[in-house]
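# Structure at a glance
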Amino acid sequence: MLFRSFTAFISLSLFCVYSTLCASPPENDAAIPAVLSSLLEVGALAAADDCQRSCFPALNFTMPTEVPSSLDGWWCSMDCEHAFLGFSYEVTACQSLSQLNADFADMRKNFNARYVRLYGACDQSGFYDDLIEAAWQNTLGVHALIWFGFTGGNEWETRRDDLFNTLHNNTKAPFVTRGVQFGSEPLYDDVLSHESLTEQVVLAKILLSDVLIPVTVSELAYGYQERGALDVLDQLDFINAHMLPFFSTEATTGSAAWPLVQQDMDWFIQNGNGKKIYFDENGWPSSTSSSVQANSLNAVASVSSEEEYFQMLDSQCETLKEGPCGGIGWFAHIYSDQQEAGYGIYNTQGTLKFPFQPRTSC
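Since this is a predicted model, take the numbers as computed values, not measurements. (Residues numbered from 1 in each chain as written. Predicted model: local features only at pLDDT ≥ 70, side-chain atom pairs only at ≥ 80, totals over all residues. Heavy atoms only, no water.)

## Here's the deal with the state of the cysteines
With the rule as written, the count across this model stands at 3 disulfides. The side chain of Cys55 participates in a disulfide bridge whose partner is Cys76; the two sulfur atoms lie 2.0 Å from each other. In this structure the cystine formed by Cys55 and Cys76 twists about its S-S bond by roughly 100°; its chirality is therefore right-handed. Of this pair, Cys55 sits in the loop between α2 (37-47) and β1 (83-90) while Cys76 sits in the loop between α2 and β1, and the two are 21 residues apart along the sequence. Accessibility assignment for this pair places Cys55 and Cys76 in one class, buried. For Cys94, the disulfide goes to Cys122, at an S-S distance of 2.1 Å. Measuring the twist about the S-S bond at about 110°, one finds the Cys94-Cys122 disulfide to be right-handed. A residue pair is termed long-range when its members are at least 10 positions apart, and Cys94 in the loop between β1 and α3 (97-111) and Cys122 in the loop between β2 (115-119) and α4 (127-137) qualify at 28 residues. Cys122 sits in the buried class, given a relative accessible area of 15%. (Disulfide = S-S within 2.5 Å. Helix = DSSP H or I, 4+ residues; strand = E, 2+ residues; numbered from the N terminus. Buried < 20%, exposed > 50% of the residue type's maximum accessible area, 1.4 Å probe, protein only.)

## So, unusual backbone geometry
Across the junction of Phe56 and Pro57, the peptide omega takes the value 0°, indicating a cis bond. Mapped onto the elements of the fold, Pro57 is located in the loop between α2 and β1. Between His333 and the following residue, Ile334, the backbone shows a cis peptide bond with an omega angle of 20°. Tracing the backbone through its elements, the reader meets Ile334 in the segment after β8 (329-332). The phi dihedral of Asp190 falls on the positive side, at around 60°, and the residue is not glycine.

## Focus: the packing of α3 against α4
In helix packing, the relevant descriptors are the interaxial angle and the interaxial distance, both defined with respect to the helix axes. The contact between α3 and α4 brings their axes to 9 Å, and the two run at 35°. The chirality of how α3 crosses α4 is right-handed. In contact with Leu97, Leu100, Asn101 and Phe104 of α3, α4 contributes Phe127, Asp130, Leu131, Glu133, Ala134, Ala135 and Gln137. Grouping the constituent residues of the contact of α3 with α4 by class yields 7 nonpolar, 2 polar and 2 charged. (Axes fitted to C-alpha atoms, helices over the stretch in contact; angles between N-to-C directions. Left-handed = near helix turned anticlockwise from the far one by under 90°. Contact = heavy atoms within 4.5 Å. Nonpolar A, V, L, I, M, F, W, Y, C, P; charged D, E, K, R; others polar.)

## Quick word on the confidence of the model for the protein
Summarising the model, the protein shows a mean pLDDT of 89, and 86% of its residues fall at 70 or more. In the model, residues 1-19 has pLDDT below 50 throughout and makes 35 contacts with residues more than four positions away in sequence or in other chains. Contacts for the low-pLDDT stretch residues 23-40, under 50 throughout, to residues beyond four places or in other chains number 32 contacts. (pLDDT = per-residue confidence, 0-100.)

## Quick look at the pattern of salt bridges
The tally for this structure, following the rule as stated, stands at 13 salt bridges. Of the charged contacts in the structure, one is a salt bridge between Glu81 and Arg178, with a shortest N-O distance of 3.7 Å. Here Glu81, found in the loop between α2 and β1, pairs with Arg178, found in strand β4 (residues 177-183); they are 97 residues apart in sequence, far enough to count as distant. A single burial state applies to Glu81 and to Arg178, both of which are buried. Across the pair Arg159 and Asp123 runs a salt bridge whose closest N-O atoms are separated by 2.9 Å. Here Arg159, found in helix α5 (residues 155-169), pairs with Asp123, found in the loop between β2 and α4; they are 36 residues apart in sequence, far enough to count as distant. Using a relative accessible area of 55% as the deciding quantity, one classes Asp123 as exposed. (Salt bridge = Lys/Arg side-chain N within 4 Å of Asp/Glu carboxyl O.)

## A word on the layout of surface pockets
The space that makes up the largest pocket amounts to roughly 940 Å³. If you trace the largest pocket, you find 33 residues lining it, with Glu185, Tyr188, Leu220, Leu244 and Phe247 closest to the centre. For the lining of the largest pocket, the secondary-structure elements that each account for two or more residues are α8 (221-227), β6 (239-243) and α10 (258-271). (1 Å grid on protein atoms, 1.4 Å probe; cavity = no way out; pocket = protein on both sides within 12 Å on 5 of 7 lines; lining within 4 Å. Points joined across faces, edges and corners; volume = space filled by probe spheres on them.)

## Structural notes on α3
End to end, α3 covers 20 Å across 15 residues, agreeing with the expected 21 Å (1.5 Å per residue, within 8%). Looking only at α3, the buried set comprises Leu100, Asp103, Phe104, Ala105, Asp106, Met107, Arg108 and Phe111. Following α3 by one or two positions, Asn112 adopts a phi angle in the positive range, close to 60°. (Expected span 1.5 Å × (residues − 1).)

## A short note on the sheet that holds strand β3 (residues 141-147)
Spatially, 8 strands are ordered β1-β2-β3-β4-β5-β6-β7-β8 in a closed barrel, and the strand pairing comes out parallel. Between one strand axis and the next, the sheet turns through 25° on average, direction left out of account. The pairing of β2 with β3 spans 3 bridges and is classified as parallel. Within the sheet, the bridge partner assigned to Val116 lies in β3 and is Val142. Along the sheet, helix α11 (residues 303-315) contacts β6, β7 (277-282) and β8; its crossing angle with β8, the most-contacted strand, is approximately 165°. (Pairing = 2+ DSSP bridges.)

As C-alpha cells, then:
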C-alpha cells in the first residue's frame, strides 16, 4: 500500500510538472507510469493554449509581493517560449547579492532577458539562496546547474545534494528555478558513462518531483553521438543543446554559421522525441585563448564575427520558431568576457562589444 501511495504521489507531481512543459514524457520513462501518457499530453496542450497571458517570467509579468501558495498557473508554458531568452552566467566568482542584483537587473531591463542559465560553480554556503533572491527581485527564471568541472573527482555529488537541499528548503526556489541541468558537457568530457548519467537524471526527476522542477543535461550533439547516449536524451524533460559552431572543422565566420547550427539542431529535433529545445551554451568568440582554439584554419574569431553570429540567429527567428513545442529558444553565451574570455557580450572593462537587441518573439 505504501508503494502504491508513493507511486500515486510521484505521478500527480509529475503531471503538475509536465503541465508547463510542451512535450509529453517518453513512453519508456522509468519515473512515470505509462497510463499517464495521455493525461500528460492533455495537460501540456492546455498549458500552451494561451501564450498571451501574464505568467512568470514573461516580459509583461509583475512579481507578487508574497510567495504564492501554489505553482498553479505560475510558469509560462515552454510552448510559448522562443527566440532570445537570456544569458549564460558564470558563477565561479561567487558574486555578492548586490552584484547578482545589478547583473540580473541589467539583463532584464536592458536586454529583455527572461532567463539566466548558470555556468560553472560556486561552492560557497548560501550562494544559491542569494541567486534565488536576485532572480526573484528581477523576474528572471533560472536554469540551475550541477557542475562537473574539468578535473574529475566527485565534487559534483556534493553540489547536487546541496542544490537539491536548497530547492526543497527555500520557498522561492520552485518559483524561479525553471530546471536543473547536469553539465557542462558530461558526455563529451566522459565524466560519467551514459548509463550512469541516465540513472542520475531519472533519480533527480523523482527527487525534484515534489517541487515540480524538471531535469535536463547541458550537452553537445557530438557528446550524445560519441557516447551512444540516446538513453540519456530519452529521459530528459527538455533539451539544453550546446551550439558552438566555431569549433567545427568547417567553421568560417559567425555570419556563415547557420548550416553548422542547422546540422546539430536537426539532429536534436530528429532524436528528441518532440521535446522543447533550448540553445543554452550558444555563441561565437571574439578572440581565442588557451581553451578556445579553432579546428578550422578558416575560422575567424573577432568582435564582428561574434556580433554577426547573433545577428544571424536573430534573422533565423521564424525558422527557429518552427521547431518543436512552439520553437527553439536561445541564450547568449556568455554575459561578460570576465566570465569566459572572448565569448562575452560585455568586454572585460564592462563595455558592450557591439549593439545587442535580439528579438524575444517573432
